[in-house]
Amino acid sequence: MSTKAKLDWTATDERAVDLIRVLAMDSVQKAGSGHPGTAMSLAPAAYLLFQKLLRHDPADPNWPGRDRFVLSCGHSSLTLYIQLYLSGYGLTLEDLKGYRTWGSITPGHPEHRLTPGVETTTGPLGQGIGNAVGMAMGARRERGLFDPDAKAGTSPFDHFVYCFASDGDMEEGISHEVSSLGGHQELGNLIVLYDNNYISIEDNTNIAKSEDVAARYEAYGWHVQKLDWHTADGYHEDVPALYQAFLNAQQHTEAPSFISLRTIIGWPAPNKQNTGAAHGAALGVPEVKATKKVLHFDPNVDFPVEDEALNHARQVAERGKQAHAEWEKPFADWASANPERKALFDRLATRRLPDGWTEVLPTFPPDATGIATRKASGAVLDALAPVLPELWGGSADLAESNLTTMEGEPSFVPANHQTAMWPGNPYGRTLHFGIREHGMGAILNGIALSGGTRVYGGTFLQFSDYMRGAVRLTSMMELPVTFVWTHDSVGLGEDGPTHQPIEHLWSLRNIPNLEVVRPGDANETTVAWRTILERAKPAALCLTRQNVPVLDRSGELEGADKVAQGGYVLAPGTDVILIATGSEVSIALEAREQLAADGVSARVVSMPCVEWFNEQDESYRREVLPPTIPARVSVEAGITAPWKLFVGDAGGSIGVDHYGASAAYKRIYEEYGITAERVAVAAHDSLARVRDH
């Protein structure tokens, strides 16, 4: 425990806190919707953090030396927006008046890249705390890359990650996944404040929740403190005690810290405090006026200015500027002493790849027996390890199936948790998420938000379902996260329908900004990785368990470099087009040979990434898929209906529109008609429809 500290907390600070409550009420009331209650009750905590504890510079929201703040309870976005307004991040009173309206920078939930000072997009509950765990892990990895030998607390790369979380965050299962892993990782740079107010939309949480949340976090290995602002003399917001708790948390570096703060939602609204009505709706004009009277504000004035309180709060900008300036000296000293690491820092800050990095990428000789694309991916990662130190990642307990481990690289884990199979250290490179797919997704997002490292995480494609909430936010924020999803079809075989993805490829293609890449052989896999890293956008790499032939491209087959264009003419033809992805590309090539024997010239188009193909100009797309060849067949071991976009009314589709079965993959493909023979028949049928038309 730290020595008891004296908090400089004046009447003007108290007035600023009450101003926060008023602005929260007025913003929601003007919008006609929103969540005023938490912003009101957390006003002292948020103001305390931004004014007295958080290391930040409002003039430079992206300063690398800043602490991070994550509002996991994103529904209470005003908790953050009002602090950004008071601290001088450029938000104005007009922005608060524009809360939840078209074109504003104060949307209903915080959005990364839209509002200065917002570190991550939050709203879906539990995601924010997952991001915070990821940010804390990312910070540790970055320190290991840039300044591993500095004593704790002395490096310019040391900073805290603060997170405010609600009952809703605690109830979502993802909070268990990420908090369990955060405790295991001993993330002493992470501090979570839990707003324990016993209220959600359905009013008292006792209707659905009764566990001891603080005990949960003790069981995870977190440093836990409990504060209760309910006293024998009534409700008392003991800000000095909360300040002390934060200081204790800062000094407890052996584990992440959890502060459970018992509050009253909507305090001090006289009629709606401590009710579900204060959680998710405007309080109503009579209640707003009554609360303003309690707080000694003019009930007839909306969005009061309160110059004295505002000017007092804005002094934090000067303190932030000073903290930034003080940081520059040790940063400059570090840069001078570590020129190679400084060069790496500069490169990662802009996510620029090093010159010549592609020269190490493997090429694979033709091989009819073939290699699984997951194995080819593993070879790519091994090759990239020496030249891309920023690239790191792992798996949700499937390292030996996903092949996401760079050979010889240590695990990212406290030394006391390393194992005989997985030796490691706190600055290691191989991530172990355990069986926590959803948590993995949110943590990957946090790592990407933390700095310039490039991170990936693997599981089976089927279990992308478990991750979807996080993946959607990856895509919304356009983060350079790579999801490595293996066992990408019924081709995984004997594990059966529970593990065989059917609808997943097109379901994921329907997520805006997510680039779904399903390479057709080992060399396509190499180019897929190269393109994903060059584009630095959200990507899903879908890979086979089963071997697929490594194509001989020395003759008429096009080279794999065209993968970067999303779709390309792999083999020429003039009568019918066979569009294939992944493990079905080789099947389409076999069908082409059969059709040639029938006098039919079949073009094979490999379509590893629909999104990349659709980005190409119209002339290229028409060159690959000429309108003059309406006879077409798609071949992909998944649902077929969406392929209508490419094959048209005359076309056909070979795929799987039902759940799979437990058997050897070759038997499954035969039983389900994913064969060259069936593709050839479908091609003839399409040609017949064209003739009939």
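Along each chain, residues carry numbers from 1 onward, in the same order as the chain's sequence is written. Residue-level local features of this predicted model are given only where pLDDT is at least 70; pairs of side-chain atoms are given and counted only at 80 or more, and the full residue set underlies all totals for whole chains, interfaces and linings. Only hydrogens and water are set aside when side-chain values are computed; all heavy atoms of the structure are taken into account.

(A) A negative patch on the surface, seen in detail. Any residue with relative accessible area above 30% and no salt bridge may belong to a patch, with like charges joined within 9 Å and the nonpolar Val, Leu, Ile, Met, Phe, Trp and Tyr side chains within 5 Å. To measure how exposed things are, a 1.4 Å probe is used in the Shrake-Rupley method; for residues, cover is taken only from the protein chains shown. Every case where a carboxyl oxygen of Asp or Glu lies within 4 Å of a side-chain nitrogen of Lys or Arg is listed as a salt bridge. Charged-residue counts in this description rest on Lys and Arg as positive and Asp and Glu as negative, His and the chain ends being excluded. Where a charge lies is defined by one atom per residue type, namely NZ (Lys), CZ (Arg), CG (Asp) and CD (Glu). Judged by side-chain charge, E590, E593, E670 and E677 come together as a negatively charged surface patch. As for its placement among the helices and strands, E590 is situated in helix α21 (residues 585-597). A helix here means a DSSP run of H or I that spans at least four residues, while a strand means a run of E at least two residues long, and both kinds are numbered starting from the N terminus.

(B) Expanded view of the sheet that holds strand β3 (residues 190-196). Strands are treated as partners if at least two bridges between them are detected by DSSP. Here five strands make up an open sheet; going across it, the order is β1-β2-β3-β9-β6 and the pairing parallel. Both outer strands of the open sheet, β1 (68-71) and β6 (223-228), are each paired with one neighbouring strand and no more. Across this sheet, the average inter-strand angle for adjacent strands is 15°, counted without regard to direction. As paired elements, strand β2 (residues 161-165) and β3 share five bridges and run parallel to each other. Of the residues in β3, the one forming a bridge with A165 is Y194. A fitted line through C-alpha atoms serves as each axis, taken over the contacting stretch for helices, and the angle formed by two N-to-C directions is quoted from 0 to 180°.

(C) Here's a closer look at the pattern of salt bridges. Tallying each qualifying case throughout the model produces 27 salt bridges. For R143, the salt bridge identified is with D158, shortest N-O distance 2.5 Å. Of the two residues, R143 is situated in helix α6 (residues 127-146) and D158 in the loop between α6 and β2; the sequence distance between them amounts to 15 residues. In this structure, the salt-bridge partner of R545 is E494, at a minimum N-O distance of 3.6 Å.

(D) Expanded view of the environment of V690. Position of V690 relative to the elements: it lies in helix α26 (residues 676-692). Overall, the relative accessible area of 29% leaves V690 in the partly exposed class. Between the alpha carbons of V690 and R632 there is a distance of 9.7 Å; along the sequence they are 58 residues apart. The contacts of V690, once residues within four sequence positions are left out, are P630, A631 and A650. Only protein chains enter the area calculation, which uses a 1.4 Å probe; residues under 20% of their type maximum are buried, those over 50% are exposed, and those in between are partly exposed. Throughout, a contact is declared for two residues whenever any of their heavy atoms are within 4.5 Å.

(E) Focus on the pairing of strand β11 (residues 391-395). Among the five residues that make up β11, five are buried, leaving the element largely enclosed by the rest of the structure. Going residue by residue along β11, you find L391, G393 and S395 tucked away on one face and W392 and G394 tucked away on the opposite face as well. Direction of pairing for β11 relative to strand β14 (residues 430-432): parallel, over a ladder of three bridges. Within β14, the residue paired with S395 across the bridge is H432.

Scope: geometric values only; no functional claims are made or implied.
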